[in-house]
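Close look at the chain arrangement
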Amino acid sequence: MRRTTLDNGLTVLIQEEHTAPLASVWCWYRVGSKDERPGLTGVSHWCEHMNFKGTENIPRDQVKGIIEEYGGSWNGYTWIDQTTYLETATRDALDRMLFIESERMARCLYHPDDVESERTVIISELQGGENDPDQLLDQELTATAFKAHTYRHPTIGWLSDLKTMTRDDLYGYYRRYYVPNNATLVIVGDVDTDAALARVERHFGAITPGTAPARARTPEPEQTGERRLAIRKEGTTAYLKVGYHAPSATDVDFYPLLILDAVLTGAKGLNLWSSFRVPPPQRSARLYRALVERGLASAVYGSLLPTEDPFLYTISATATERTPLAAVEAALVEELDRASHDGITEAELKKAKAQLRARMVFDTDSVTNIAHQLGYFETIGSVDLFVDAPARIAAVSADAVAGAARRVFAQSNRTIGWFDPLPAA
Amino acid sequence: MNRAAAIAAFTLLAAVAGAQDRPGVGPERPFQLAPRVEKTLANGLRVVVTRQTAVPKVTVTLTILSGFSSDPPDLTGLAQMAADIVQEGTRTRNSRQIRRQAFAMGGSLTAGVSQDFSSLSTRGLSEYAAQLIDLVGDVAMNPTLPEDELAILRQQHLQTVSRQKSSPQFLSNRQFRRAVFGEHPYARTSETEASLGAIDRAKIEAFHRAHYRPNNAILLVVGDVEPNAIAAAAEKTFGAWTKGDAPRPSFAAPPSLVGRKVYFVQRPNSIQSSISIGNLAPKRSDPRWFELTVANTIFGGAFNSRIVRNIREEKGYTYSPGSAMTGFADAGFYRFSADVRNEVTGPTIAEVFKEIDLMRARGAEGAELQGAKTYLRGVFPIQTSTQGGLATLLNTMYVFGLPKDYPETYREKIAAVTQEQVKKASETIFGSDNSVIAIVGDWSKVKDQLSSLNEITFVDVDGKPTPAPQ
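Keep in mind that what you see is a predicted model, and the values were worked out from it rather than measured. (Residues numbered from 1 in each chain as written. Chains lettered and ligands numbered in written order. Predicted model: local features only at pLDDT ≥ 70, side-chain atom pairs only at ≥ 80, totals over all residues. Heavy atoms only, no water.)

1. Overview of the nonpolar core
Counting residues in hydrophobic clusters, the biggest one holds 81 residues, and the most contacted among them are Y255(A), I259(A), L260(A), L291(A), Y376(A) and F409(A). Among the elements that line this core, the one with the most residues is helix α9 (residues 254-265) of chain A, at nine residues. Counting residues domain by domain, this core receives three or more from each of domain 1 (2-204) and domain 2 (227-419) of chain A. The residues contacting L291(A), other than those within four sequence positions of it, are L296(A), A297(A), V300(A), A317(A), V328(A), A331(A) and L332(A). One finds V262(B), F336(B), F400(B) and V422(B) within the second-largest nonpolar core, a separate group that totals 67 residues. (Core = buried A, V, L, I, M, F, W, Y, C linked by side-chain atoms within 4.5 Å. Buried < 20%, exposed > 50% of the residue type's maximum accessible area, 1.4 Å probe, protein only. Helix = DSSP H or I, 4+ residues; strand = E, 2+ residues; numbered from the N terminus. Domains from an automatic or database assignment. Contact = heavy atoms within 4.5 Å.)

Okay, here's the thing in structure tokens:
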């Protein structure tokens, strides 16, 4: 993998993979919902939508078609630290993929009519999430766990802001953050590195850099007591979520906690883009045995993702019918307390490491997934975090896991959320 | 992905005329899979091996040619429970040992059940290919069906049934499928509390004995492996498996659809309506599948399709509209689906029928046909570039009896689709006057918009008819 920085500040990562005649291009921006100020929540994600709505050289109805007309796939997403766009297609389309991304970086239009039509599309997207009890609980838990840091508001934004944001709000935000010195371009596939770099220079070299965006953020103060929330709403199933403030990707406790999560709920790997594809192996995981085998929950799931600032480690459980949420909570907390008192065994450590290694092989089984991982880690810190991950995982000791468990699983560090269903009227 | 917000819920197509300053794309590259080695053991088990060396791993899938449609009507979920429970213990391995051995080989073991088949699938590092085949063979042939694991599974499935009742997308699809298929087994999309209560160990054992037979199964192996060594490993593992005559499902004729049948599932305080619109379609092995696919791609099977352009891009009604064709062994269906804001529920239905009538009347227009064909030809090599994608394609081919050269000729068959065929295909799949409409939402918020629809049948979350909500 070669890392280069163009004169205008654009970071370029290129990795050759000659297994199929394909190439994947991802363009990453260091802007996500944590960069948003009050009144503009959801602006990062809305900009992402607008950046598929026409550029100076690609008419508005063709931005989505230009990659598909010769059979490529495309998508984009926004989360707390990042906004990203991708194309995967035949390697012969590399020039066109780079052209699209250069247009997106410098020449999007933000036509007022398109702002209005996307407003309702995004409100529909938001409502789809709120219609899902598990997602609603996740959103409310996060908002309760954070009181100062901007990780507290949902990526999609609050409805009131989505109703009032203007075209100029969106365009101003786009111009501030979509500059080459705030971006990383990743190419993985059946390409020649030197030739690919020359093409990148041709498409992006002339884009002028901007002022580095200001990054004023309030760090989340240490939580001083347990927080709770309970949602009572129509539904058929009771959900429990417990969130702990967790180490960031660069913190020494991150990999020990990742291993602890594997022991508690099964190894997930490190790929946000592909982690949903295959459920984690968890039949011997501690929380599976404590909750599912005992009939208290039908499912349990842990989530720790690499983030730039300290985010949350969340454990979610679905209560079985007629099991009170309090009983699920008590059994879950008891297991976490056990982990923070006694740590994990050497056998568990060894198995969790093996599982994580295997997951990481599957996390990088296509040019699209490899390119995602390179860009994701570069955007939240450094690509070295990804390159070094196997070594960092291998180096984790049982003592380090026990230490992380003690620090993270403190009662005062947690927020507990219940979704308690009301029978339909 | 449920935390991050994506631009598109799924990745789709387009068809547009060229613009200026757009770098060209070279000519299409030839597409060639490694040759498949196919062998049938003396007991009837078909073994198919394809080399794919992109990563040093292997995917082993044992597909049993019996699925949901082999469930007796009052035991919906039997095939699924059988596929789940066989992984929980064999005569020589308990549940934990099965998982531990799969992990130790860098892999996993999962079950997937569809209308016409049940698959046990494992993947791992290719150096363990023979052991992975042995593991899959053991769970398929020698399961002990332990009662304690069955109790856990039943509990999990009951919970799924309960959770499904709060999912508007699930309820919309279920009502749609029931209306389209009637007494045909493809009407059944999920278990019920009653069917789960009635499925016991004896019934699973009988299902397993009847259906898990070598002459009712296919072993598919894709990966960085040597085909002759795999064939030998398959013989060693499965050679002594005894054959038997698996009963075939009985397929009742689906009801003939006359008029627009409208169903409404009341979901109080719903902030969106989940809509399904569609009808019966040909089965997966129908030779018209290529033209039907092209027609659906133009209509709603891709991002720049007419439906998405109209109701998402232009009108902003919804984030997630689309249409899909699904083909099974005996029949198929086409379904438009979307979750839309309450206040545009009626207008969305009107727009979908407007687009259906246009497709039926005029077929593809302008550059649409060429665009859809190029798109489908282009995504094919991407879909088959991963081991999972290739294994899925091969499974489809062998389950539905598609021609042996299906992967190699797919792109030329798509290229050969004509304007006339697309128009004919549109008339075949997109029912206008005769179709099913299933809506899940809050009646009090949307009823004024639905006054133009014919008689509406109201059903509850269990699918039972109810009076109209107040």
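2. Focus: the sheet that holds strand β7 (residues 217-223) of chain B
Residue and element names in this part refer to chain B. Ordered by their spatial adjacency, six strands build an open sheet running β2-β3-β7-β4-β6-β5, and the pairing between neighbours is mixed. Edge positions in the sheet fall to β2 (36-40) and β5 (108-113), since each has one partner strand and no second. Adjacent strand axes in the sheet meet at a mean angle of 15°, parallel and antiparallel pairs treated alike. Sheet topology note: the β5/strand β6 (residues 118-125) ladder contains six bridges and is antiparallel. Along β6, the bridge assignment pairs L109 with T122. Of the strands in this sheet, β4 (57-64), β5, β6 and β7 are in contact with helix α3 (residues 129-141), which crosses β6 at around 155°. Its contacts with the sheet put helix α8 (residues 227-238) on β2, β3 (46-51), β4 and β7, and the angle it makes with β3 is roughly 150°. (Pairing = 2+ DSSP bridges. Axes fitted to C-alpha atoms, helices over the stretch in contact; angles between N-to-C directions.)

3. A word on the domain arrangement of chain B
Many descriptions give the size of an interface as the accessible area lost when the pieces come together. Residues and elements named next belong to chain B. As far as domains go, chain B holds domain 1 (36-238) and domain 2 (260-459). A C-alpha centroid distance of 29 Å is found between domain 1 and domain 2. Counting from both sides, the interface comprises 36 residues of domain 1 and, opposite them, 38 residues of domain 2. Carbon and sulfur atoms make up 64% of the surface buried where domain 1 meets domain 2, a total of about 3000 Å² over both sides. Counting the surface domain 1 buries against domain 2, the share from its top three residues, R36, Q175 and F176, is 21%. Here domain 1 is connected to domain 2 by two salt bridges. Close ionic contact of K404 with E38 constitutes a salt bridge, the shortest N to O distance being 3.9 Å. Our count for the domain 1 to domain 2 interface comes out at 18 residue pairs in polar contact (both at pLDDT 80 or more). Tallying contributions element by element places helix α5 (residues 168-181) first for the side of domain 1 that touches domain 2, with 11 residues. Broken down by class, the residue content of the side of domain 1 that touches domain 2 amounts to 15 nonpolar, 14 polar and seven charged. (Buried area = accessible area lost by both parts, 1.4 Å probe. Salt bridge = Lys/Arg side-chain N within 4 Å of Asp/Glu carboxyl O. Polar contact = N/O pair within 3.5 Å; in protein donor to acceptor, adjacent residues only side chain to side chain. Nonpolar A, V, L, I, M, F, W, Y, C, P; charged D, E, K, R; others polar.)

4. A word on the domain arrangement of chain A
All names here are of chain A. Once the domains are mapped, chain A shows domain 1 (2-204) and domain 2 (227-419). One C-alpha centre belongs to domain 1, the other to domain 2, and the line joining them spans 27 Å. The contact between domain 1 and domain 2 buries some 3400 Å² in all, and 74% of this surface belongs to carbon and sulfur atoms. For the interface between domain 1 and domain 2, the tally reads four salt bridges. K241 is paired through a salt bridge with D134; the nearest N and O atoms lie 3.1 Å apart.

5. A short note on the pairing of strand β6 (residues 183-189) of chain A
Residues and elements named next belong to chain A. Among the seven residues of β6, seven are classified as buried, and the element is accordingly described as predominantly covered. Residues A183, L185, I187 and G189 point to one face of β6 and T184, V186 and V188 to the other, with burial holding for every one of them. Bridge analysis of strand β2 (residues 11-16) against β6 gives six bridges, and the strand direction is parallel. Along β6, the bridge assignment pairs L13 with V186. Note that strand β3 (residues 22-29) and β6 share seven bridges and pair antiparallel. Paired with S24 across the two strands is V188, which belongs to β6.

6. A look at the pattern of salt bridges
Applying the stated rule across the entire model yields 50 salt bridges over all chains. Residue R228(A) is joined to E329(A) by a salt bridge in which the shortest nitrogen-to-oxygen separation is 2.5 Å. With R228(A) in strand β7 (residues 227-234) and E329(A) in helix α11 (residues 325-342), the pair connects residues that are 101 residues apart, well separated along the chain. The exposure class of R228(A) is partly exposed, given its relative accessible area of 45%. For the salt bridge of E368(B) with R309(B), the shortest nitrogen-to-oxygen distance reads 3.6 Å. Of this pair, E368(B) sits in helix α12 (residues 368-383) while R309(B) sits in helix α10 (residues 306-314); the two residues are 59 residues apart in sequence, bridging distant segments of the chain. Judged by relative accessible area, E368(B) falls into the buried class, the value being 9%. Note on R309(B): relative accessible area 23%, which makes it partly exposed. Each of K34(A), D35(A), D81(A), R215(A), R217(A), E308(A) and D309(A) takes part in salt bridges that share partners, so that together they form one network.

7. Considerations on the packing of aromatic side chains
The tally for this structure, following the rule as stated, stands at 41 aromatic pairs over all chains. When the ring of F264(B) is compared with that of W443(B), the centres are 5.0 Å apart and the planes differ by 75°; the resulting orientation is edge-to-face. You can see F264(B) sitting in strand β8 (residues 260-266) and its partner W443(B) sitting in helix α16 (residues 443-446), a full 179 residues away along the chain. Here W443(B) falls in the buried class, since its relative accessible area comes to 11%. One aromatic cluster is present, formed by Y29(A), F52(A), W74(A), Y85(A), Y110(A), Y171(A), Y174(A), Y178(A) and F303(B) through successive ring pairs. (Phe/Tyr/Trp six-rings, centres within 6.5 Å; stacked < 30°, edge-to-face > 60°.)

8. Description of the sheet that holds strand β8 (residues 239-245) of chain A
Residue and element names in this part refer to chain A. Strand order in the open sheet formed by five strands is β7-β11-β8-β10-β9, and the pairing between neighbours is mixed. A strand with exactly one partner marks an edge of an open sheet, and here the two such strands are β7 and β9 (297-303). Recorded for the sheet is a direction-independent mean angle of 15° between the axes of neighbouring strands. Both β8 and strand β11 (residues 414-422) contribute to a ladder of six bridges, which runs antiparallel. Bridge pairing in β11 links L240 to W418.

9. Thoughts on the packing of helix α9 (residues 289-299) of chain B against helix α11 (residues 345-362) of chain B
Residues and elements named next belong to chain B. It is the contact of α9 with α11, at a shortest axis distance of 11 Å, that shows an interaxial angle of 135°. Our classification of the angle between α9 and α11 gives oblique. You can see that α9 and α11 cross each other, and the crossing is right-handed. Together, A295, I298 and F299 of α9 and V352, E355, I356 and M359 of α11 make up the contact between the two elements. For the contact of α9 with α11, the per-class residue count stands at six nonpolar, no polar and one charged. (Parallel < 35°, antiparallel > 145°, perpendicular 65-115°, else oblique. Left-handed = near helix turned anticlockwise from the far one by under 90°.)

10. Overview of the packing of α9(A) against helix α16 (residues 398-408) of chain A
All names here are of chain A. Taken N-terminus to C-terminus, the directions of α9 and α16 make an angle of 90°; their axes are 8 Å apart at the nearest point. As far as their axial angle goes, α16 and α9 are roughly perpendicular. Residue-level contacts link P256, L257, I259 and L260 of α9 to A400, V401, A404, A405 and V408 of α16. For the contact of α9 with α16, the per-class residue count stands at nine nonpolar, no polar and no charged.

11. Comments concerning the interface of chain A and chain B
Every contact between the two is made by 87 residues of chain A and, on the other side, 72 residues of chain B. With both chains or domains summed, chain A and chain B bury close to 7000 Å², and 55% of this area falls on carbon and sulfur atoms. For the pair chain A and chain B, the number of links is two salt bridges. The residue R96(B) makes a salt bridge to E293(A) at a minimum N-O spacing of 3.2 Å. Taken together, the connections running from chain A to chain B amount to 16 residue pairs in polar contact (both at pLDDT 80 or more). By residue number, the principal contributor to the side of chain A that touches chain B is helix α4 (residues 112-130) of chain A, which donates 10 residues. Class assignment of the residues belonging to the side of chain A that touches chain B gives a composition of 31 nonpolar, 34 polar and 22 charged.

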